[in-house]
Amino acid sequence: MSRDYDIAVVGGGLAGASLACALADTGLSIALVEAVPFDTPADANMQARTTALAWGTRALFEQLGLWGDMARDAAPIKRLHVSQQGRFGTVRVNAADYDLPALGYVLPNLTMIEALRARLAAMPQVDVVAPARFESLVRDETNGHIEIRCTRETGASETLRTRLLVGADGARSSVRGALGIGARTDDYHQRAIITIVEPERAHGGCAYERFTPDGPIALLPRTRASCAAVWTLPSECAEQLCAASDDDFIAEMQAVFGERLGALALAGPRGSYPLARVLCERAAVERAVLIGNAGHALHPAAAQGFNLAIRDALVLAAMLRERLATDSEFDPGSADLLNGWAEARRPDQHRVANFTDAIVRLFSNRIPGLDHARGAGLFGLSLLPALRDDMARRSMGLAVAPAGPSSNAHEGST
Ligand SMILES: Cc1cc2nc3c(=O)[nH]c(=O)nc-3n(C[C@H](O)[C@H](O)[C@H](O)COP(=O)(O)OP(=O)(O)OC[C@H]3O[C@@H](n4cnc5c(N)ncnc54)[C@H](O)[C@@H]3O)c2cc1C
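These figures come from a predicted structure and were not determined experimentally.

Some words on the site of the ligand
- Around the ligand, 29 residues are found, and the nearest of them are Glu 34, Ala 52, Phe 134, Asn 293 and Phe 306.
- Within the contact set of the ligand, an oxygen atom lies 3.0 Å away from a side-chain nitrogen or oxygen of Arg 49.
- In this structure, a nitrogen atom belonging to the ligand sits 3.4 Å away from a main-chain N or O atom of Gly 305.
- Calculation on the ligand without its partners gives an accessible area of 1,000 Å², and the protein chains cover 85% of this total.
- Going through the elements one at a time, helix H1 (14-23), strand E3 (50-54), strand E9 (132-140), strand E12 (183-199) and helix H9 (305-326) are the ones with two or more residues in the shell around the ligand.
- Considering only residue class, the shell around the ligand consists of 15 nonpolar, 10 polar and 4 charged.

Written out as structure tokens, the structure reads:
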């Protein structure tokens, strides 16, 4: 037996669930296919995961009517402090300089996913098909749809027919493969260790990012007393540190991060994630698009992956809504819409992917001669307000906003 939908979204992670929420008021029938049961208890890794949301992303969650459900757990980033181990050149950015209450917010991933899933559960036009794993697809060009085959946990298979298929199934997207879309993968040979620390001194809403020759370490405000740590290291070092005792681990982190927040105490489990950049060759093909990590998975150094993904999702929903407003029978899989969406999103996707990769390569490797360039890079940013403002705007998700505030460069030893 098969079921018919206007749109099937494969992948109920942050990107897919955000898109399904954004589409729910279009009057279209939507299926959200997710491999993992929605009610699976979060493991220790997931409990420690946080995401830094740009100011612009808060506005998008407000549009979805979801910010109110998330705000209680959101730690505002009032200041950004970027430094380099053992070098001059510090970049400081203050939210007040941009007349904003915060540059962005740090949220537990669990808070976001729970808010999205609670909303989806209350939406009759969205069928959550979970747990069910996408396996394959068949195109039916005569009838204008794609048939997707999924496997339930019991082994039973299920078929859905859809006019538009959205692949939101992560960096190793099966949908991307089944659509025959190629992807370029650049392995950074690094892992990001995530954990929670409690610093001796109050973070005061400051997000710290410190570049070292091995990779960046970020300490982000999480609660009043704790910080989310995201520490990037060559894979081998990361594996050794994950296996080290708590005392050895925190001593090493302290040595790398320095004393700016006083003594650090470990306050959460350690998890680690392999890092690679994955960029799809095309984001739209006939009756299908890729969003989120399925289309572009980025290094977390610039904290841009989800911020970019939600813009993909909400722009697609807005373009579709606009077409439906004048034609209630509008086909959501129309090539015109999908190609228009891919074209509209390309500049933002390229800019963010290139900016993130440039930061990683400039600051996070041991290529001889780059050390001075790294110092010059940060020093340059501190001297050139226009450059620093550009970085701040990208971090806030305001890269398209008009002129920045007056100069406020700081320099100093790290
Ligand atoms: C350590 C770390 C820190 C980060 N920090 C930030 C940050 O501060 N700010 C930021 O903006 N971004 C950050 N990111 C990036 C961000 O986490 C991702 O961009 C975002 O989670 C992508 O979400 P997604 O929904 O596209 O993919 P995923 O989270 O990978 O979700 C994919 C979903 O698809 C499901 N799925 C997979 N295969 C199938 C299948 N065959 N059938 C059905 N379902 C399937 C999976 O179960 C999963 O639920 C960070 C990433 C890392 C690794």
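Re the sheet that holds E3
- Strand order in this open sheet of 3 strands is E3-E7-E4, and the pairing throughout is antiparallel. Of all strands in the sheet, those bounded by a partner on one side alone are E3 and strand E4 (75-77). Ignoring strand direction, the axes of neighbouring strands in this sheet form an average angle of 30°.
- Pairing of E4 with strand E7 (residues 104-108) involves 3 bridges; the strand directions are antiparallel. Pairing of Ile 77 across the sheet is with Gly 104, part of E7.
- Against the sheet, helix H3 (residues 55-63) makes contact with E3 and E7, and its axis sits at roughly 90° relative to E3, the strand it touches most.
- Strands in contact with helix H5 (residues 109-121) are E3 and E7; relative to E7, the strand with the most contacts, it is inclined by about 80°.

Here's the deal with the nonpolar core
- By size, the foremost hydrophobic cluster in this structure holds 106 residues, and its most contacted members are Ile 7, Phe 61, Ile 148, Leu 165 and Leu 179.
- Discounting chain neighbours no more than four positions away, the residues touching Leu 179 are Leu 137, Arg 139, Leu 165, Val 285, Ala 288 and Leu 290.

Section: the packing of H3 against H9
- One way to put it is that H3 packs onto H9 with a least axis distance of 10 Å and a crossing angle of 40°. With respect to each other, H3 and H9 are oriented oblique. By crossing handedness, the relation of H3 to H9 is classed as left-handed. From H3, Thr 57, Leu 60, Phe 61 and Gln 63 reach across to H9, where they touch Phe 306, Asn 307, Ile 310, Arg 311 and Leu 314.
- Its residues assigned to classes, the contact of H3 with H9 comprises 5 nonpolar, 3 polar and 1 charged.

Points about the packing of H1 against H9
- It is at 9 Å that the axes of H1 and H9 come closest, and there the two elements cross at 25°. With respect to H9, the axis of H1 lies roughly parallel. In this structure, H1 meets H9 at a crossing whose hand is right-handed. Seen from H1, the contacting residues are Leu 14, Ala 15, Ser 18, Leu 19, Ala 22 and Leu 23; seen from H9, they are Phe 306, Ala 309, Ile 310, Ala 313, Leu 314, Leu 316, Ala 317, Leu 320 and Arg 321.
- Considered class by class, the residues forming the contact of H1 with H9 number 13 nonpolar, 1 polar and 1 charged.

Reading the values: the criteria
Residues numbered from 1 in each chain as written. Predicted model: local features only at pLDDT ≥ 70, side-chain atom pairs only at ≥ 80, totals over all residues. Heavy atoms only, no water. Near = heavy atom within 4 Å. Polar contact = N/O pair within 3.5 Å; in protein donor to acceptor, adjacent residues only side chain to side chain. Areas by Shrake-Rupley, 256 points an atom, 1.4 Å probe, with all protein chains shown as cover. Helix = DSSP H or I, 4+ residues; strand = E, 2+ residues; numbered from the N terminus. Nonpolar A, V, L, I, M, F, W, Y, C, P; charged D, E, K, R; others polar. Pairing = 2+ DSSP bridges. Axes fitted to C-alpha atoms, helices over the stretch in contact; angles between N-to-C directions. Contact = heavy atoms within 4.5 Å. Core = buried A, V, L, I, M, F, W, Y, C linked by side-chain atoms within 4.5 Å. Buried < 20%, exposed > 50% of the residue type's maximum accessible area, 1.4 Å probe, protein only. Parallel < 35°, antiparallel > 145°, perpendicular 65-115°, else oblique. Left-handed = near helix turned anticlockwise from the far one by under 90°.

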